[in-house]
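Structural description and commentary
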Amino acid sequence: MFLSVFILFLFSHNAYAQNQATPIHYDVEIVLIDIGDINTQHGSYDLKFLLILTSNDVDFTKMEKLPTIDFVNGDLDKDITVEALEPHRYAFEVDGKFFNDMSFHNYPFSPIDLIVKLESEENTIDQVQFTSTSLDELSTKYGDHVPGWILVGVDDTIQEILDSTDKSHSQYVAAFHLERPFLSNFFTKLFPILIMVSIVIFAFIQNPRQHKMAEIGIGMFLSLVFLHAAFLGADLPPLDYLTMQDKILIVSYITILYALSEEVIQQRYNKGDNAELRFKINRKMLKLLPVVMIGSALALLPL
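About the criteria used
- Residues numbered from 1 in each chain as written.
- Predicted model: local features only at pLDDT ≥ 70, side-chain atom pairs only at ≥ 80, totals over all residues.
- Heavy atoms only, no water.
- 1 Å grid on protein atoms, 1.4 Å probe; cavity = no way out; pocket = protein on both sides within 12 Å on 5 of 7 lines; lining within 4 Å.
- Points joined across faces, edges and corners; volume = space filled by probe spheres on them.
- Nonpolar A, V, L, I, M, F, W, Y, C, P; charged D, E, K, R; others polar.
- Axes fitted to C-alpha atoms, helices over the stretch in contact; angles between N-to-C directions.
- Helix = DSSP H or I, 4+ residues; strand = E, 2+ residues; numbered from the N terminus.
- Parallel < 35°, antiparallel > 145°, perpendicular 65-115°, else oblique.
- Left-handed = near helix turned anticlockwise from the far one by under 90°.
- Contact = heavy atoms within 4.5 Å.
- Pairing = 2+ DSSP bridges.
- Buried < 20%, exposed > 50% of the residue type's maximum accessible area, 1.4 Å probe, protein only.

Considering the layout of surface pockets
Here the largest pocket is characterised by a volume of approximately 280 Å³. Taken together, 17 residues line the largest pocket, and the ones lying closest to its centre are Tyr107, Trp149, Arg180, Asn185 and Asp235. Split by residue class, the lining of the largest pocket holds eight nonpolar, five polar and four charged. For the second largest pocket, the calculated volume is near 230 Å³. Considering the residues around the second largest pocket, the lining is formed by 13 residues, among which Tyr26, Met63, Lys65, Pro67 and Asn123 are closest to the centre. Here the lining of the second largest pocket is built from residues that sort into six nonpolar, four polar and three charged.

Here it is in structure tokens:
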């Protein structure tokens, strides 16, 4: 009798241990609903999305407490709204502000990554694990287009992370890759620069006849400085590297200064204002202009 009770206890204990050692698996799906304000200076963005958890390991309708999700890189603006509660499916709407370190190396054409990181609150990887049966197939209610943005890619990953107490947690990371329409960016960020530089170059070509290089060059240089300080890059945070726009601006400054330097050279070597000598100096400097522009651009590439 004692032996039977002992064996029964042993089997029950092993079964209990196995159940405790088996983590609950939640399959995660995110449906993007809306993108609000994107503050590139602070690396923040407002997102509204539907988070769907499915699992065959639990019955959501019989749980005393529904799974609590910790949004690692976000703050919710309001309480979640439950959209569906079924035995093996739990869906709720999330509306909040999220944060991510953004890269602006190719600004103004840099894609912006909107990241959402979530973990199970107070549960280690031995208790809860996230899965995704549709990796790289995140969806939005807009399809491939979000108002004001172009959705260039979506993906999600599952990773294991350690907390401050060296405990492992399962973390789900979703990423929405957006970029502004090319024509909109080009005409608002780069086209004004190209127009100013083009005016200076045309004046440089006509300089021997018009004698207007100094007035035009100084005017365009000051206009470009004002445009740069007041508008271009105003939506960027302080950076420790040069963006693509910065490099284009530096090449533009060098081009205008090079064109203006002709007047100094003319005054030094052509004090009598000889028309033929003026024309020769201008043509020689004009031939070197592409070298100056290409050389300065190549020098800035590694920066």
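With respect to the packing of helix α3 (residues 213-230) against helix α4 (residues 244-269)
Orientation of α3 relative to α4, taken along the N-to-C sense of each, is 160°, at an axis distance of 9 Å. Comparing their axes, α4 and α3 come out roughly antiparallel. In this structure, the crossing between α3 and α4 has a hand that is left-handed. When α3 is examined against α4, the residues Met213, Ala214, Gly217, Ile218, Met220, Phe221, Leu224, Val225 and His228 are found in contact with a partner set consisting of Asp246, Leu249, Ser252, Tyr253, Ile256, Leu257, Ala259, Leu260 and Glu263. Partitioned by chemical class, the residues of the contact of α3 with α4 number 13 nonpolar, three polar and two charged.

What to know about the pairing of strand β5 (residues 81-86)
Here β5 pairs with strand β6 (residues 89-99) via five bridges, running antiparallel. Paired with threonine 81 across the two strands is glutamate 93, which belongs to β6. Connecting the antiparallel pair β5 and β6 is a turn made up of two residues.

Considering the environment of valine 28
Tracing the backbone shows valine 28 in strand β1 (residues 24-39). Assessed through its relative accessible area of 1%, valine 28 is described here as buried. When sequence neighbours within four positions are dropped, the list of residues in contact with valine 28 reads Leu51, Ile52, Leu53, Phe130, Thr131, Ser132 and Tyr172.

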